[in-house]
Every structure is written in C-alpha cells, then in structure tokens.
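Listed below, chain by chain, are the residues.
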Amino acid sequence: MEYQNPDPAGIRTQTALNQTGGGGRTVISETAVAKVAGIAARAVPGVYSLGTGSSRALGAIRDAVGSSDHAGVHAEVGETQVAVDITLVATYGTPLHSLANQVRAAVYAAVEKLVGLQVIEVNVEINDVYIAPPVKPVAAPEREAIQ
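Remember, predicted model here, so these are calculated numbers, not experimental data.

Quick look at the overall build of the protein chain now. Within the protein chain, the secondary structure is distributed over four helices and four strands. Moving toward the C terminus, one meets the helices and strands of the protein chain in the order α-α-β-α-β-β-α-β. Counting only residues that meet the buried cut, the protein chain has 29% of its 147 residues in that class. Counting contacts in the protein chain only where the partners sit at least 6 residues apart, residues at least 24 apart contribute 69% of the total.

What follows is the structure, given as structure tokens:
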C-alpha cells in the first residue's frame, strides 16, 4: 500500500510546501512500518522477544545470513492510516496487561512520530512467557597451597 497526499486537488499550504520542497508522492511500505513498530515494541521492558516459536527460529536463521527480520509484527498500511498486529513473548514476572498497554503506547508513539501515519489500532498477542533458566553457581577455583 502507499501513502498519498490526502488532498486530491494537490492544494498545499505554504508550510507544507516548505517542508516537502515541492510536489511528489511518498510511498511507505508495510515492511518499513513493521520494523518501526518492532523496534518500539522490543524497547519495552518485559518484552523478551517478538513472534511465535517458529517465527523466532526462522528469525534466528535470517539474522545468521544477514537478512532483515520483523517476525511477530504485521502492519497494514492505508493512504493515511495504519494498523499493527504484534505477537510477543513476555518475561516471567511482568504483569501482562500492563505490558500489552506499554507496547501499544510505544508503537502508537513511534509509528505516528517516525512514519507520519495515523495509527488506528495496535493489537497485541502475548503467546508465551519466558522463564529464565536457574543460575548455576560458579565453583571457585581451588588454590594451591604455597609451600
């Protein structure tokens, strides 16, 4: 999808003309919006990772070969609006409703500020909780007796 000037007649105010430097159109891909949303979601404390188990495994493979990854985030971009769906894994001990609200707020703010489109909804699905493995005690090295 693409973002087009919402004014079909092409009439612009002086301020808009100064900011854009002239006429033309801007196309913002769903991939770009998904990346912005994913970065914003990952920055929220309590988000362990994005995506389902299989998409995270595929994302690890993509990372290994240097490809971009926005697993767990889907964006639908219209002319002036965007909707975002996020699937994530929470860290154990994080209140889940609060986490979803924080992710939603972060995505709204980032997409509206950086992309410039109105966010109409952010759907958050928490599909797993990460429990850190127990920490193994580190054995102190034995000291040799000085003779």
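From this point, the narrative continues.
Compared with the 18 Å implied by 1.5 Å per residue over 13 residues, the 18 Å span of helix α2 (residues 30-42) between its first and last C-alpha is a close match. Within the sequence span of α2, burial applies to Val33, Ala34, Val36, Ala37, Gly38, Ala40 and Ala41. Along its buried surface, α2 packs onto β1 (47-50), β2 (73-77), β3 (81-91) and α4 (96-115).

A word on the pairing of β2. Side-chain alternation along β2 places Val73, Ala75 and Val77 on a buried face and His74 and Glu76 on a face that remains uncovered. Note: β2 against β3, five bridges, orientation antiparallel. Within β3, the position partnered with Glu76 by the bridge is Ala83. Connecting the antiparallel pair β2 and β3 is a turn made up of three residues.

By size, the foremost hydrophobic cluster in this structure holds 27 residues, and its most contacted members are Val82, Val84, Ile86, Val103, Val107 and Val111. Broken down by secondary-structure element, the contributors of at least two residues to this core are α2, β1, β2, β3, α4 and β4 (118-130). Sequence-distant contacts of Val84, that is, excluding residues within four places in its chain, are made with Ala37, Val73, His74, Ala75, Val107, Glu121, Val122 and Asn123.

The next subject is the confidence of the model for the protein chain. With 71% of its residues at a pLDDT of 70 or more, the protein chain shows a mean pLDDT of 80. At the level of individual helices and strands, the protein chain shows its lowest average pLDDT in helix α1 (residues 14-20), which scores 41, and its highest in α4, which scores 97. Across residues 1-18 the pLDDT falls below 50, and counting only partners more than four positions away or on other chains, this stretch makes 28 contacts in the model.

Note on placement: Ala106 falls in helix α4. Spatially, the C-alpha atoms of Ala106 and Gly38 are 9.9 Å apart, while their sequence positions differ by 68 residues. Beyond its immediate chain neighbours, meaning those up to four positions away, Ala106 contacts Ala40 and Val44.

Another point: a negative patch on the surface. A cluster of acidic side chains, namely Glu76, Asp85, Glu121 and Glu125, defines a negative patch on the protein surface. Turning to its location among the elements, Glu125 is positioned in strand β4. Residue Glu125 is classed as partly exposed on the basis of its relative accessible area, which comes to 45%.

With that out of the way, let us pick up the environment of Glu125. As a C-alpha pair, Glu125 and Thr52 span 73 residues in sequence and 9.9 Å in three-dimensional space. If we skip the residues at most four places from it in the chain, Glu125 touches Ile86, Thr87 and Leu88.

Between α2 and α4, the shortest axis-to-axis distance is 8 Å and the interhelical angle comes to 135°. With respect to their mutual orientation, α2 and α4 come out oblique. For the pair α2 and α4, the crossing hand works out as right-handed. Contacts between α2 and α4 pair Val33, Val36, Ala37, Ala40 and Ala41 from the former with Val103, Ala106, Val107, Ala110, Val111, Leu114 and Val115 from the latter. Looking at the contact of α2 with α4 residue by residue, the class counts come to 12 nonpolar, no polar and no charged.

Each value, and the rule that gives it
Residues numbered from 1 in each chain as written. Predicted model: local features only at pLDDT ≥ 70, side-chain atom pairs only at ≥ 80, totals over all residues. Heavy atoms only, no water. Helix = DSSP H or I, 4+ residues; strand = E, 2+ residues; numbered from the N terminus. Buried < 20%, exposed > 50% of the residue type's maximum accessible area, 1.4 Å probe, protein only. Contact = heavy atoms within 4.5 Å. Expected span 1.5 Å × (residues − 1). Pairing = 2+ DSSP bridges. Core = buried A, V, L, I, M, F, W, Y, C linked by side-chain atoms within 4.5 Å. pLDDT = per-residue confidence, 0-100. Patch = residues over 30% accessible without salt bridge, like charges linked within 9 Å, V, L, I, M, F, W, Y side chains within 5 Å. Areas by Shrake-Rupley, 256 points an atom, 1.4 Å probe, with all protein chains shown as cover. Salt bridge = Lys/Arg side-chain N within 4 Å of Asp/Glu carboxyl O. Lys, Arg positive; Asp, Glu negative; His and termini not counted. Charge placed at Lys NZ, Arg CZ, Asp CG, Glu CD. Axes fitted to C-alpha atoms, helices over the stretch in contact; angles between N-to-C directions. Parallel < 35°, antiparallel > 145°, perpendicular 65-115°, else oblique. Left-handed = near helix turned anticlockwise from the far one by under 90°. Nonpolar A, V, L, I, M, F, W, Y, C, P; charged D, E, K, R; others polar.

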